[in-house]
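Structure at a glance
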Amino acid sequence: MNTKFPVFIAGPCVIESSELLDTVAQRLVDINRRLNTDIIFKSSFDKANRTSIHSFRGPGLERGLQMLADVKSRYGLRILTDIHEAWQAAPVAEVADVLQIPAFLCRQTDLLVAAARTGRTVNIKKAQFLSGRDMRYPLEKALEAGATEVWLTERGNMMGYGNLVVDFRNISDMLELLNSSSRGGGHVIMDCTHSVQRPDAQGGKTGGDRRFVPAMALAAKAFGATGYFFEVHPDPDRGLSDAANMLPLDDLEPLIQKLLGQEAEK
């Protein structure tokens, strides 16, 4: 596994429509061509952890996987999506290259084992109630279940009842865990979107402040992160999930250029 070059993950929080997926995927293809990157396309077929029962969740497993498969076929992008129950792992692995374990579920043994047994890369997001060092145990579960490649993702810790704070030392701690594991390495990714959440659930929705997304990414780079996760949308304020935290699609390329140390085009 090559961790010399950073991995980038980007896409809309939830599958809203085929048109949205096409718009974002085409932009990612363009960025990959111009910057010689390999951005992984991310979107969720089901947001099973929405604050309100009335919130939009997505098209569901069957339709959502077909839409992601279409993106993969049409644009040649690798796919990442999250799973919430163990039975979802096998069908999702038929489409997705990376199975993501949501933060609140990172200690769910059956979910981790099912994801690991698919042979796909498993990206485990660190829970808001765990430290970087605590991720030793989810990592061990996945590796002992046969995972060939595991990534760990930082997304902040709860600070009181309605805010998150990022302890960037977690990045270093998780890198140490991966490098000393039986597989000897893996990406530590900074979730630059969910780390700026303010989960006070005003009006039944999680809040946040996307202004801090670029700073989160650049700070994570200084602490040794080898990957970056961005939820992006052409019009974030109209997004159906995580609207307050998604990065405008037009802002993605300049930020990736900064992270790569490239000069922006004049």
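Since the model is a prediction, treat every value here as computed from it, not as a measurement. (Residues numbered from 1 in each chain as written. Predicted model: local features only at pLDDT ≥ 70, side-chain atom pairs only at ≥ 80, totals over all residues. Heavy atoms only, no water.)

**Overview of the nonpolar core**
Side chains of nonpolar character tend, in soluble globular proteins, to be buried together. Here is the rule we go by: Definition used in this section: a nonpolar core is a set of buried Ala, Val, Leu, Ile, Met, Phe, Trp, Tyr and Cys residues joined via side-chain atoms within 4.5 Å. Only protein chains enter the accessibility calculation, which uses a 1.4 Å probe. A residue is then buried if its area is under 20% of the maximum for its type, exposed if over 50%, and partly exposed in between. Secondary structure counts use DSSP, requiring at least four H or I residues in a row for a helix and at least two E residues in a row for a strand, with both numbered from the N terminus. Contacts: residue pairs with any heavy atoms within 4.5 Å of one another.
In terms of nonpolar packing, the biggest core is built from 73 residues, with Phe41, Ile124, Met190, Tyr228, Phe230 and Leu252 touching the most fellow members. Ranked by the residues each element gives to this core, the list is headed by helix α1 (residues 18–35), at 7 residues. Dropping the residues within four chain positions of it, Met190 is found in contact with Glu154, Val166, Phe168, Ile171, Ser195, Met216, Ala220, Gly227, Tyr228 and Phe229. Val7, Ile9, Ile40 and Val98 belong to the second largest nonpolar core, which has 8 residues in total.

**Comments concerning the pairing of strand β12 (residues 227–233)**
Along a regular strand, successive side chains alternate from one face of the sheet to the other. We count it as follows: Pairing between strands is defined by DSSP: at least two bridges between them are needed.
For β12, the buried fraction is high: 7 of the 7 residues fall into the buried class. Pairing of strand β1 (residues 7–11) with β12, which is carried by 5 bridges, proceeds in the parallel orientation. Each residue of the ladder has a partner; that of Phe8, found in β12, is Tyr228. Note: strand β9 (residues 188–191) against β12, 3 bridges, orientation parallel. The residue bridging Asp191 from the neighbouring strand is Phe229, located in β12.

**With respect to the side chain of His194**
This is how it is decided: Polar contact is the term for a pair of N or O atoms within 3.5 Å; when the atoms are in protein, one must be able to donate a hydrogen and the other to accept it, and sequence-neighboring residues count only if both atoms are side-chain atoms.
For His194, the location among the structural elements is in the loop between β9 and β10 (197–202). Classification of His194 by relative accessible area gives buried; the value is 6%. A polar contact of 3.4 Å, which involves the side chain of His194, links it to the side chain of Lys125. A distance of 2.9 Å separates polar atoms of two side chains, one belonging to His194 and the other to Asp242. In contact with His194, other than residues within four places in its own chain, are Lys125, Arg155, Leu164, Phe229, Glu231 and Asp242.

**Brief notes about the pairing of β9**
Every second residue of β9 is oriented toward a common face, with Val188 and Met190 on one face and Ile189 and Asp191 on the other, all of them buried. Where strand β6 (residues 150–154) and β9 come together, 3 bridges link them in parallel fashion. In the strand pairing of β9, Leu152 is matched with Val188.

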